[in-house]
Amino acid sequence: LIEISLFFSIFTMDSKSVLTLFLAFSAQLTITTALYSDGDGVELLTEKNWKTTIEDSEEYWIVEFFAPWCGHCKQLAPEWQKAAKELQGIAHVAAVDCDVEKDLAQKYGIKGFPTIKIFAKGGAGEVSDYNDARISSGIVSYVKKSLGEDDSNPSSRLVYPLRYQDAYSFLYLLEKLDIPKVILFTQEKRAPKWYESLAVKYKQGKVKTVTFSHAGPDEEGSSLLAKRLGVAEAGSLVVCATTEEGVGYFATLKQLQDKGSANLKAAQKLVDSMVDDSVKEDQTAPLPPFPPPDKPRKLADTVFFELNEDTFDPRCFASSKKSICLFAAVKSAGDEFPEKSTLVELSKKYRNDPVAVGWLPGSQQTEFLAGFGVQWEDHPVVIAVKTGKRKRFAVMEGEVSLVKLSDFVDRILGGDLQFSPLKSVPELVPSYLQNIKDEF
């Protein structure tokens, strides 16, 4: 009856109304994981067109290898599109979906997302990695500079704009690890002249002995970056030294002066002390951890499970593969509940990270939850436990959304979340004892 009614309704519509209904219905049915489309200026490359576009070309190509699920790739996408439009007629800006084009990803040794490679002369020249700024202005400047078309102030090319999500790449991947890295925090969109002059002093021809960056108000996450380093968002300078083991230390100038010449002198003295390793130990602090670029996740299996007596140890608390056990207490006695699809997506997103994702029926495990200081009130609650010898836990209450859960996990992986000590692991109520009522 419904189908007949719908057909009759469509039959009696005019052609314009039918077309509108069809387009709206099609939009609801179309689901895509792609980050780019034909109209945004980014050229989509596949194994089928790779030879004709890249290998047979002698033009300049800058190519992003991405995965649709990658958070950093999604953040880069609008900047990549802007760069593509600005570089039209100058260079080719392209992208490869590595979830689809696995052979191309393997061929070019893609081990993290996004990875950007330069084909300066198409297939006729060498392939190089792009590790500079990941905003449109930085990408455009780099390409123009490479092609000899950048007529801007040469000193400004030595100062990279820095966002929080690029901190790991800047510190550990951009240049050689034994080269100090400098970060200036200001409320100005552009680095001050004295800072650009400082950068020039540490460049000998094409060789840099120190790398400089600027975290201004327009750079995403600059306040979080300053907070992680324990400095003010404006008027602070940080000089970092890193090692191959992925650790390092830093020294700071926490209060810069209004006079540029004084800042230049003080900053150069601190940078020199890091270059020649004469900085005093009491002037330094350990570098906090920063989240590395997303790793490829296609090789890992997605694991989502009910936390019970069978999975408690092998999947969670005694697992050698997953050092973080994250589980949601939900209002359900069965295996279907409103939050399930969100938790499954979370397990997919972090399947290559040391995070195990599970669930349990909250009403059946009230004593277990009480061991984490949680009083069950028929509302979903998420608990993360750091396993190992010294177990610790953190609780997330409120809305259970993928955005909020992802932020929770990112803060855990980035070392930004405070955990409480877990003196003893609470005991789960076994399945066979659940729903048993006291008859006496």
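Residues numbered from 1 in each chain as written. Predicted model: local features only at pLDDT ≥ 70, side-chain atom pairs only at ≥ 80, totals over all residues. Heavy atoms only, no water.

### Considerations on the side chain of threonine 242
Line of reasoning, step 1. Within the secondary structure, threonine 242 sits in strand β11 (residues 236-242).
Line of reasoning, step 2. Within polar-contact distance, the side chain of threonine 242 engages the backbone oxygen of leucine 171 at 3.3 Å.
Line of reasoning, step 3. Excluding residues within four positions of it along the chain, threonine 242 makes contact with Leu171, Tyr172, Leu177, Lys181, Val247, Gly248 and Leu287. (Helix = DSSP H or I, 4+ residues; strand = E, 2+ residues; numbered from the N terminus. Polar contact = N/O pair within 3.5 Å; in protein donor to acceptor, adjacent residues only side chain to side chain. Contact = heavy atoms within 4.5 Å.)

### Overview of helix α12 (residues 340-349)
Since the α-helix packs 3.6 residues into each turn, any two residues three or four apart lie on the same face.
Line of reasoning, step 1. Listed as buried for α12 are Thr342, Leu343, Leu346 and Ser347. Viewed along the axis of α12, the buried residues span an arc of 140 degrees, placing them on a single side of the element.
Line of reasoning, step 2. Elements that come into contact with the buried residues of α12 comprise β14 (304-306), β15 (324-330), β16 (355-361) and α14 (402-413). (Buried < 20%, exposed > 50% of the residue type's maximum accessible area, 1.4 Å probe, protein only. Arc of directions from axis to C-beta.)

### Describing the state of the cysteines
Line of reasoning, step 1. Applying the stated rule across the entire model yields 1 disulfide.
Line of reasoning, step 2. Here cysteine 316 engages in a disulfide with cysteine 325; their sulfurs sit 1.4 Å apart. Measuring the twist about the S-S bond at about -125 degrees, one finds the cysteine 316-cysteine 325 disulfide to be left-handed.
Line of reasoning, step 3. Cysteine 98 carries a free sulfur, and the closest cysteine sulfur to it, the one in cysteine 73, is 8.2 Å from it. (Disulfide = S-S within 2.5 Å.)

### What to know about the nonpolar core
Line of reasoning, step 1. Counting residues in hydrophobic clusters, the biggest one holds 40 residues, and the most contacted among them are Trp50, Ile62, Val63 and Trp80.
Line of reasoning, step 2. Of all elements in the fold, only α3 (50-55), β2 (61-66), α4 (71-86), β3 (92-97), α5 (102-107), β4 (115-119) and α6 (136-146) reach the threshold of two or more residues within this core.
Line of reasoning, step 3. If one sorts the elements of this core by residue count, α4 sits on top with 6 residues.
Line of reasoning, step 4. Residues within four places of tryptophan 50 in sequence aside, it is in contact with Leu45, Glu55, Phe65, Val96, Leu104, Lys107, Tyr108 and Phe119.
Line of reasoning, step 5. Of all hydrophobic cores here, the second largest spans 23 residues; its members include Ala199, Val210, Leu264 and Met274. (Core = buried A, V, L, I, M, F, W, Y, C linked by side-chain atoms within 4.5 Å.)

### Focus: the pairing of β3
Line of reasoning, step 1. With 6 of 6 residues buried, β3 is to be regarded as a mostly interior element.
Line of reasoning, step 2. The side-chain alternation of β3 yields two buried faces, one formed by His92, Ala94 and Val96 and the other by Val93, Ala95 and Asp97.
Line of reasoning, step 3. Note that strand β1 (residues 43-44) and β3 share 2 bridges and pair parallel. Its bridge partner lying in β3, glutamate 43 is registered against alanine 94.
Line of reasoning, step 4. As defined by bridge partners, β2 adjoins β3 across 6 bridges and the pair is classed as parallel. Bridging across to β3, valine 63 finds its partner in alanine 94.
Line of reasoning, step 5. For the crossover that starts at β2, traverses α4 and ends in the parallel β3, the hand is right-handed. (Pairing = 2+ DSSP bridges. Right-handed = clockwise from strand over helix to strand, strands pointing away.)

### A few points about the packing of aromatic side chains
Line of reasoning, step 1. Taken as a whole and judged by the stated rule, the model has 19 aromatic pairs.
Line of reasoning, step 2. Their ring planes at 80 degrees and their centres at 5.6 Å tell us that tryptophan 50 and phenylalanine 119 sit as a pair that is edge-to-face. Placement of the pair is tryptophan 50 in helix α3 and phenylalanine 119 in strand β4, with a sequence separation of 69 residues. As far as burial versus exposure is concerned, tryptophan 50 and phenylalanine 119 are alike and both buried.
Line of reasoning, step 3. Ring centres 5.5 Å apart and planes at 75 degrees place the aromatic pair phenylalanine 372 and phenylalanine 393 in the edge-to-face group. Within this pair, whereas phenylalanine 372 is found in the loop between α13 (366-370) and β17 (381-386), its partner phenylalanine 393 is found in strand β18 (residues 392-397), the two being separated by 21 residues in sequence.
Line of reasoning, step 4. Connected via pairs of aromatic rings, a cluster forms that spans Phe312, Phe327, Phe368, Phe372 and Phe393.
Line of reasoning, step 5. Above the plane of the ring of phenylalanine 290 lies arginine 228, whose end atom (NZ or CZ) is 5.7 Å from the centre.
Line of reasoning, step 6. Lying over the aromatic face of phenylalanine 419, lysine 386 brings its terminal NZ or CZ to 4.8 Å of the ring centre. (Phe/Tyr/Trp six-rings, centres within 6.5 Å; stacked < 30°, edge-to-face > 60°. Lys NZ or Arg CZ within 6 Å of the ring centre and 35° of its normal.)

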